[in-house]
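# Results of the structural survey
Given next are the chains, with one letter for each unit.
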Amino acid sequence: MIPISKPFIGEAEKQAVMAVLDSGMLVQGPRTAQLEEKFADVCSTRFAIATSSGTTALHVSLLAYEIGPGDEVITTPFTFMASVNAILYVGAKPIFVDIEEDTFNINPYLIEAVISPRTKAILPVHLYGYPCNMAEIQKIADKHGLIIIEDACQAVGASFQNKTVGSFGTGCFSLYATKNIMAGEGGMITTSDENIAKRCRMIRNHGMQRRYYHDMLGYNFRMSDLHAAIGLVQIDRLKDFNEARKSNAAFLNTHLKSVVTPKVRPGYVHVWHQYTIRVDGERDRDAAVVKLNELGIGTGIFYPVPAYKQAHLAAAGYGDLYLPVTEHLVKEVISLPVHPQLSQQDLQVIVEGVNQL
Ligand SMILES: *Cc1c(COP(=O)(O)O)cnc(C)c1O
């Protein structure tokens, strides 16, 4: 089976972990600081703050802006649940806006209609590595005085109109094993706001600036240096990895004939965390998945259910919400392998399999 994702673990990654073990400095040490510096560089932000995961990066960012009970945060229902759960963790209310059919991302033209006096932030998700329309989102945020927290967990290295994702507002990234670069587990917050950076650093480490003096309620959301060491090796591979994904996606776009393939708008740099086709019309997506898997082609359904229909949100009163584009696309999407470790033969197998659908 050609896997839908495959973490690249080279000799350098292994040696980097061993070197940390030999050093004895295991948590939030020199590797974490170096990784933060490199991440800020990649995203062109003044600061980057490492956390234990993408989920905790989102959670810490929301806390840093003092978003909480009584506040509303506008986001997309077509995402990994962590984007939404982070809003719930701080006691705020997620407000869902439908997506665009061609980009799978939040439709910026539907945002203003749901803004209320309680709206505090917009949390766009750059899904599959495809940046959101940040020009429109920025315009709305500026007009209404809203915070932007970008869920860029799938989009490290992507850009919109020559500006890197994670630098429009406060950015949240994941270094989970299957992401474009990984550390096993891990997260990163990027921001150019000094006060927010300071609050994020405190919140991830029990509210401390000085050891055992706690200036606020905080958590243990630290990154270990074992993970940071892997992340440091991988961040140097980022350009090559993203180029390989782009070239694999270009091959698939050229050769796939029987399905709707993803198109990239001018001005958007897509980093192809996922390559997602649509099996449209009368065809049965789930039957297509079975067939592809039988042919040895790994697949993923990202995501099969709108966030507002997941059990805990349905139970919280969202069950009657119906956002038509989302409802439609959850039934049509299939993600195909696009990761840097695909061979030319793998790509051929994928093309031949999909073109039989
Ligand atoms: C992976 C991911 C997250 C969460 O990251 P973790 O590191 O797994 O906690 C959040 N949002 C999106 C869109 C993701 O893909």
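Residues numbered from 1 in each chain as written. Predicted model: local features only at pLDDT ≥ 70, side-chain atom pairs only at ≥ 80, totals over all residues. Heavy atoms only, no water.

## Some thoughts on the site of the ligand
Test applied: When at least one non-hydrogen atom of a residue lies within 4 Å of a molecule or strand, that residue is treated as near it. Pairs of N or O atoms are called polar contacts if they sit within 3.5 Å, as long as, within protein, a hydrogen donor faces a hydrogen acceptor (for residues adjacent in sequence, only side-chain-to-side-chain pairs). Using a 1.4 Å probe, accessible areas were evaluated by the Shrake-Rupley method; residue-level cover was limited to the displayed protein chains. Note on residue classes: Ala, Val, Leu, Ile, Met, Phe, Trp, Tyr, Cys and Pro are nonpolar, Asp, Glu, Lys and Arg are charged, and everything else, Gly too, is polar.
The environment of the ligand is made up of 15 residues, and the closest members are Thr55, Asp151, Gln154, Ser174 and Lys179. Contact between the ligand and Gly54: an oxygen atom at 2.8 Å from a main-chain N or O atom of the residue. Here an oxygen atom of the ligand sits 2.8 Å away from a polar atom, N or O, in the side chain of Gln154. Expressed as a share of its isolated accessible area of 380 Å², the protein-covered part of the ligand is 92%. Here the shell around the ligand is composed, by residue class, of five nonpolar, eight polar and two charged.

## Description of the nonpolar core
We apply this condition: To define a nonpolar core, start from buried Ala, Val, Leu, Ile, Met, Phe, Trp, Tyr and Cys residues and group those joined through side-chain atoms within 4.5 Å. Only protein chains enter the calculation, and the probe is 1.4 Å; a residue is then buried if its accessible area is under 20% of its type maximum, exposed if over 50%, and partly exposed in between. Secondary structure counts use DSSP, requiring at least four H or I residues in a row for a helix and at least two E residues in a row for a strand, with both numbered from the N terminus. Each domain's extent is set by a domain assignment, obtained either automatically or from a database. Contacts are assigned to residue pairs with any non-hydrogen atoms lying within 4.5 Å of each other.
Within the largest apolar cluster, 35 residues are counted, with the highest numbers of intra-cluster contacts made by Leu62, Ile67, Val73, Phe78 and Ile149. At the level of elements, strand S1 (47-51), helix H3 (54-64), helix H4 (82-89), strand S4 (119-123), strand S5 (147-151) and helix H6 (194-203) are the ones that each hand at least two residues to this core. In terms of residue count, H3 provides more of this core than any other element does, five residues in total. When residues are assigned to domains, this core turns out to be shared by domain 1 (11-98 + 105-235) and domain 2 (238-354), each giving three or more. Phe78 has contacts with Ile99, Phe104, Leu127, Tyr128, Phe302, Tyr303, Thr326, Val330 and Val333, leaving out every residue within four places of it along the chain. Of all hydrophobic cores here, the second largest spans 25 residues; its members include Val165, Leu175, Met223 and Ala228.

## Looking at the layout of surface pockets
Counted only if it meets this: Two kinds of site are reported from a 1 Å grid over the protein atoms alone, namely cavities, where a 1.4 Å probe fits but cannot get out, and pockets, open sets with protein on both sides within 12 Å along at least five of seven lines, and residues are called lining when an atom falls within 4 Å of a point. Grid points are joined across faces, edges and corners, and a volume is the space filled by probe spheres set on the points.
Put simply, the largest pocket is a space of about 440 Å³. Taken together, the elements giving at least two residues each to the lining of the largest pocket come down to H3 and H4. At three residues, H3 tops the list of elements feeding residues into the lining of the largest pocket. Within the lining of the largest pocket, the residues separate by chemical class into ten nonpolar, twelve polar and four charged. The two domains that each donate at least three residues to the lining of the largest pocket are domain 1 (11-98 + 105-235) and domain 2 (238-354).

## What about the packing of aromatic side chains?
Our working rule: For this analysis, a ring pair means two rings from Phe, Tyr or Trp (six-membered ring only for Trp) whose centres lie within 6.5 Å, classed as stacked if their planes differ by under 30 degrees, edge-to-face if by over 60, and tilted for the remaining angles. We count a charge as sitting over a ring when the NZ of a lysine or the CZ of an arginine lies within 6 Å of the ring centre and within 35 degrees of the ring normal.
Going through the model one piece at a time under the given rule, you end up with 14 aromatic pairs. Judged by centre distance (5.1 Å) and plane angle (70°), the rings of Phe104 and Tyr128 are edge-to-face. Residue Phe104 is located in the loop between strand S3 (93-96) and S4, and its partner Tyr128 is located in the loop between S4 and helix H5 (134-144); the two are separated by 24 residues in the primary sequence. There is no split in this pair, since Phe104 and Tyr128 are both buried. Sitting over the ring of Phe168, Lys163 keeps its end group 5.1 Å from the ring centre. Positioned over the ring face of Tyr213 is Arg210, at 4.0 Å from the centre of the ring.

## Re helix H9 (residues 285-294)
To keep things clear, this is the line we draw: Starting at the helix axis, one direction is taken to each C-beta atom, and the arc is that of these directions.
Taken together, the buried positions of H9 are occupied by Arg285, Ala288, Val289 and Leu292. Burial along H9 is one-sided: seen end-on, the buried residues are contained in an arc of 105°. Looking at the packing, one finds that the buried side of H9 touches strand S14 (333-336) and helix H12 (344-355). The N-cap of H9, judged by a side-chain oxygen 2.9 Å from the amide nitrogen of Asp286 a few residues on, is Asp284. One or two positions beyond H9, positive phi appears at Gly296, with a value near 85°.

## A short note on helix H8 (residues 238-255)
Applicable threshold: The span you would expect from a helix comes to 1.5 Å times its residue count less one.
Its 18 residues place the ends of H8 26 Å apart at the C-alpha level, agreeing with the 26 Å of an ideal helix rising 1.5 Å per residue. By the burial criterion, the buried members of H8 are Leu238, Phe241, Asn242, Arg245, Asn248, Ala249, Phe251 and Leu252. Close packing links the buried residues of H8 with helix H2 (30-43), helix H7 (225-235), strand S13 (275-278) and H12.

## A short note on the environment of Lys120
Relative to the helices and strands, Lys120 resides in strand S4. For Lys120, a relative accessible area of 28% puts it in the partly exposed group. Remark: the alpha-carbon pair of Lys120 and Ile87, spanning 33 residues in sequence, is separated by 11 Å. Residues within four places of Lys120 in sequence aside, it is in contact with Tyr65, Glu66, Ile67, Asp71, Glu72, Leu146 and Ile147. Polar contacts involving the side chain of Lys120 include one to the side chain of Asp71, which spans 3.3 Å.

## Some remarks on the domain arrangement of the protein
Where we set the bar: Throughout, the accessible surface (probe 1.4 Å) given up by two parts as they are put together, summed over both, is called the buried area. One side-chain nitrogen of Lys or Arg within 4 Å of one carboxyl oxygen of Asp or Glu is enough to make a salt bridge.
Considered domain by domain, the protein is made up of domain 1 (11-98 + 105-235) and domain 2 (238-354). Between the C-alpha centres of domain 1 and domain 2 the distance comes to 24 Å. Across the contact, 35 residues belong to domain 1 and 34 residues belong to domain 2. For the pair domain 1 and domain 2, the two sides together bury roughly 2800 Å², of which 62% comes from carbon and sulfur. Our count for the contact surface shared by domain 1 and domain 2 stands at zero salt bridges. On inspection of domain 1 and its partner domain 2, the count reaches 21 residue pairs in polar contact (both at pLDDT 80 or more). Every element with two or more residues in the side of domain 1 that touches domain 2 is listed here: H4, S3, strand S6 (159-160) and H7. In terms of residue class, the side of domain 1 that touches domain 2 is made up of 21 nonpolar, eleven polar and three charged.

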